[in-house]
Structure formats: C-alpha cells, structure tokens
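Close look at the chain arrangement
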Amino acid sequence: MNNDTFRKELHRFADWIADYYEKVDGYPVKSQVQPREIFSQLSRMDCFEEVETETLLADFERILLPGITHWQSPNFYAYFPANTSPPSILAEMLTAALAQQCMIWETSPAATELEEYVMSQLRDLIGLPETFTGVIQDSASTSTLTAMLMARERATNYSINDRGFSGERFRLYCSEEAHSSIEKGVKIAGFGKENLVKIPVDGNFAMIPRELEARIQQDLQAGFLPLAVVSAMGTTGSTAFDPIREIAGIASRYRLFHHVDGAMAGTALILPEMRHLADGLELADSFVFNPHKWMFTNFDCSAFYVKDPEALIRTFSITPEYLKTKRDEEVNNYRDWGIPLGRRFRALKLWFVLRNYGKAGLQTKIREHLRLARLFAEKLGSRKDFRLLAPVALNTVCFHYEPSNYAGDLNELNAGLLDRLNSSGKLYLTHTKLRDQFALRLVVAQTDTTERHIREAFDFIVKTAEEIGLE
Ligand SMILES: *Cc1c(COP(=O)(O)O)cnc(C)c1O
C-alpha cells in the first residue's frame, strides 16, 4: 500500500470509528451469535486472496461485527468494565503507528521516561505515598504473579531463581472471594494450588483478619512457611473490601509480603472521599489497579506499584550481552520490571487520558458512576420483589428477583431472568454466586452511561422480571 492510499484509508477508518460511537448503543450489547457461526463463515473464504482494505473493512462489518460484544455500549453492565475514551483511542492510533518496542531505555527513551513520569503522576492522583514506584504491566493477573515471584525471591535471598525449589513449604493467603488470578499466580509461581489458603469472609464478603491469623499460626505449627497475603480491594463478585490495615498488621507481625489487588476499585481512589475503602494501603508491599478497567484507558494498562523496586528488578533482571548498554546505570530498563522482554508503548494513552480529562474531569465521571449505582440500588430497594444481595460500596449492584409467595427455585428463576435480559440485546449483565444465591450483577462503569440509561435499564429489568414471574 502506498502512502497516498494509506492516508485515504486512515480517513475512512477514522470515519468508521466516529460513526461507530454515534450508533454504538443501537447494537445488541451482548453478541447474539451461536458458537462456530463466525468461524464457519471465515472458513468459507480464501484467506490468502489479495484484497483491498475496502474489502477488509466490508468483511469486518459483515462477518465479525455480529460477533462483537459491545463493551463500549453505555448499556454494558457486565463483568467489570474495560472502558475507553476518545483521548485513549487517539493515543492508541499513534501507538500503532510508531509501533515501538519498549523493552529498554535505548529502544524508546520517550516511552521509558513517559512511563516513569506518568506512573508517578498516577500515584499522586490516587493518593499513594511516594514510597511506591510504579510500572505498567499488561494485566492485573501478571502484576499479581509478578508480586508473588518477587515475594518468593526476596524471602529466599533470590535462591529459587538460581536453584529451584528445595522442599520449602510456602503458604499464601487470600479471602474466599479473592480473584481467580491469585490462584493462577500461585500455580504458575510453583507454590502449588493447595498452598493457597482461602480465608473465610464476613457478612459483607470481606476477609476476617482473625481467621487469617489463626490459619497462619496453624500453618507455622505444621511446619509451613507463611510467605504472602493478598488483600482484595474490591472483589469481583460483589466489590467487597478486605480490611487492609488489619491485614497489614498481621503481615508485618508474621513477616508476610502483602499485595493488594484493587484491579477495578483502585480507580475510586482518585476521589478523596472514597479513600477510606483503602485504609492502610500505604502499609502494603505492592498494589495493582487497572486503568484499563474503569479509568477510560484502552486495555492493556495495569498499574503495578511496589515499595521495593530493587527487589523487583533483582527478581527479573537478566542481561545478556546483546542487551547491555552504556546507560544502564542512569535509566529504567523496564524489561527488568516484569516477565516479558518486549513491551508495548502503553504510557501514551494513560498520559492522554490524564491530561485530556484532567483531575477534575476524571473525578466528575467517577462520582457520576457512583451516584448512578446508588440510584439503581435505591430504586431496587424501593420494591418488595427485588433484594440487594451485597452492600453497594462502589459501583457494583448485586441483586435478585424474589416475587412474593414464589414456590419455585429462586436461583433458576434469576438465571432465566438474566438470559432473557441479555438475549434482548438491550443491555448486558452477568452474575455471581453469593452464599449459594444466584445474583445478577450490574456494574456502572461504562464511559458514556448516563442517568437515562440507568433508568431505562431499571424499568426494563423490572418489566422482564414481572413477565417471567407470571409464566
Ligand atoms: C479483573 C480483575 C483481575 C484480573 O484483571 P486482568 O487485568 O484481566 O488480569 C484481578 N483481580 C480483580 C479483583 C479483578 O476484578
């Protein structure tokens, strides 16, 4: 493709993007395709026949768009968000164009220094003390694994990296409600899933510190080596908050590495009035939150903060001859701050988002999401046939439908309700189980969700539930 054609196509694609955002709330939010539908259409075409970009775009619309779940629809309330925004998308366009490989300072001084700068600005924005140093990872899962590896190495004077395990029986701890990425990290880091101890939660789905301490003591007596604890700052099920300060006290008494997982909820810390949810966070050894979830920044952008960057670097650095440079003493080489060598230029979109919204703009949007979640919860609370199943600490509302005198199985009723809602295409919610109860989850976090969307969602949920209740 020559540059003139490329320029024309860039304009065409730019228009496509702007058009998409104009009508994004008109698509079925959850893709309605059946399994293999997309694949079989693809299989019928010749992948290697040379075609123009016009054809590529047309085929993208015809074949793939029906199989797209519209995460950027204002009616998307499922899972946790992966939202974005115009400044982030514009930055990603530049990122794609420059196609940087940001493994070391020399391969992209701007990406390296912008990452260092933007991570310190983000740290100040969320009220983390200067004792933390940040690096961008691809995901919270990777950040948490990285924290575990760092904990493992620091506790063994970096010997497992050299010799492998020699019979150490480590134990790690998190709550029963903590994210599956913790278990995955424990498996990958070589501790063994059985050595992740899941601590019971209280009525609000938060870890009970007393139970944590009891398990640590029990493990010590049984000859295990308690290594690390992960606090959940906003669980994925119901956005519950572990008592970080109390857990930090226990971590310091038993010399555990303390990692805090605030993947989605971390964004709320840009609001001073929400910082009580992370009380004690300054005592942790590491913290992760994802601007790629709730902070208008394209996936992937996970902000990982550590107190001891030296330990992090010592865990991961390998310097073969071909990667040595004269500047290694003066600059950050982020390949040594995590698992992969190659790294995308991820700081640019974060910088664009922070500067385009500004602090006040970000705070306004996050406050509005919190207000809308409370509004939805209040409207549900005003009805006798709906029940909230967990406290609404932030932007996640867990609820179920419970018509009076209903003799059937409430879990089945609500699973049916969820299916009916999602197959309408009008909105998209997902579910969780809370104390064996099937809970619908509505998370208010999409960039363009407004009060009108929330009111319409509420009315539609009530209407659909009533229809189902009558059947
Ligand atoms: C989403 C989530 C994760 C995983 O995030 P990724 O960036 O997709 O790895 C981890 N912990 C919590 C609490 C989450 O909500």
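- Going by the annotation in an unreviewed UniProt entry, the name recorded for the protein chain is Aromatic-L-amino-acid decarboxylase, with Syntrophus gentianae given as the source organism.
- Annotation of the protein chain in UniProt includes, under Sequence similarities (unreviewed entry), the sentence "Belongs to the group II decarboxylase family."
- According to the UniProt record, the Cofactor (unreviewed entry) comment for the protein chain is "pyridoxal 5'-phosphate".

**A closer look at the side chain of D385**
- Mapping D385 onto the fold places it in the loop between α13 (347–381) and β8 (386–388).
- Here the side chain of D385 touches R383 through a polar contact of 3.0 Å, side chain to side chain.
- Residues contacting D385, with those up to four places away along its chain left out, are H400, Y401, E402, P403 and E466.

**As for the nonpolar core**
- Within the largest apolar cluster, 48 residues are counted, with the highest numbers of intra-cluster contacts made by L122, M233, F287, L350 and L394.
- Among the elements of the structure, α5 (109–125), β6 (286–289), β7 (302–306) and α13 are those that each provide at least two residues to this core.
- Among the elements that line this core, the one with the most residues is α13, at eight residues.
- With residues near it in sequence (within four places) discarded, L394 still touches T239, F241, A265, A268, M274, L277, W294, L370 and A373.
- By size, the runner-up hydrophobic cluster in this structure holds 32 residues, among which are V135, I160, V230 and A263.

**Comments concerning the site of the ligand**
- Around the ligand, the structure places 13 residues, and the nearest of them are A140, S141, D261, N290 and K293.
- Here an oxygen atom of the ligand sits 2.7 Å away from a polar atom, N or O, in the main chain of A140.
- Taking S141, its side chain carries an N or O atom lying 2.5 Å from an oxygen atom of the ligand.
- Within the complex, the protein chains bury 86% of what would otherwise be the 380 Å² of accessible surface of the ligand.
- Using a 2 Å cut-off from the grid points, one finds that the ligand occupies the second largest pocket.
- At the level of secondary structure, the elements contributing two or more residues to the shell around the ligand comprise α6 (140–155) and α11 (291–294).
- Residue composition of the shell around the ligand, grouped by class: three nonpolar, eight polar and two charged.

**Considering the sheet that holds β7**
- Pairing in this open sheet of seven strands is mixed, and the strands run β1-β7-β6-β5-β4-β2-β3 from one edge to the other. Because the sheet does not close on itself, it has two edges, and the strands there are β1 (133–137) and β3 (196–199). Taken over all neighbouring pairs, the strand axes of this sheet differ in orientation by 20 degrees on average, direction set aside.
- Taken together, the five bridges between β1 and β7 define a ladder with antiparallel strand orientation. Directly across from T133, in β7, lies its bridge partner V306.
- Each of β1, β6 and β7 touches α5; the most contacted strand, β7, lies at about 80 degrees to it.
- Its contacts with the sheet place α6 against β1, β2 (170–175), β4 (225–232), β5 (257–261), β6 and β7, and it is angled at close to 175 degrees to β5.

**Re the pairing of β7**
- Here β7 lies mainly inside the structure; five of its five residues are buried.
- Of the two faces of β7, both are covered, the one formed by S302, F304 and V306 as well as the one formed by A303 and Y305.
- Relative to β7, β6 runs antiparallel, the two sharing four bridges. Residue pairing across strands places F289 opposite A303, the latter belonging to β7.

Here is what the cut-offs are and how they apply
- Residues numbered from 1 in each chain as written.
- Predicted model: local features only at pLDDT ≥ 70, side-chain atom pairs only at ≥ 80, totals over all residues.
- Heavy atoms only, no water.
- UniProt positions renumbered as here; feature names shortened; annotations may be inferred.
- Helix = DSSP H or I, 4+ residues; strand = E, 2+ residues; numbered from the N terminus.
- Polar contact = N/O pair within 3.5 Å; in protein donor to acceptor, adjacent residues only side chain to side chain.
- Contact = heavy atoms within 4.5 Å.
- Core = buried A, V, L, I, M, F, W, Y, C linked by side-chain atoms within 4.5 Å.
- Buried < 20%, exposed > 50% of the residue type's maximum accessible area, 1.4 Å probe, protein only.
- Near = heavy atom within 4 Å.
- Areas by Shrake-Rupley, 256 points an atom, 1.4 Å probe, with all protein chains shown as cover.
- 1 Å grid on protein atoms, 1.4 Å probe; cavity = no way out; pocket = protein on both sides within 12 Å on 5 of 7 lines; lining within 4 Å.
- Sits in = over half its atoms within 2 Å of the grid points.
- Nonpolar A, V, L, I, M, F, W, Y, C, P; charged D, E, K, R; others polar.
- Pairing = 2+ DSSP bridges.
- Axes fitted to C-alpha atoms, helices over the stretch in contact; angles between N-to-C directions.

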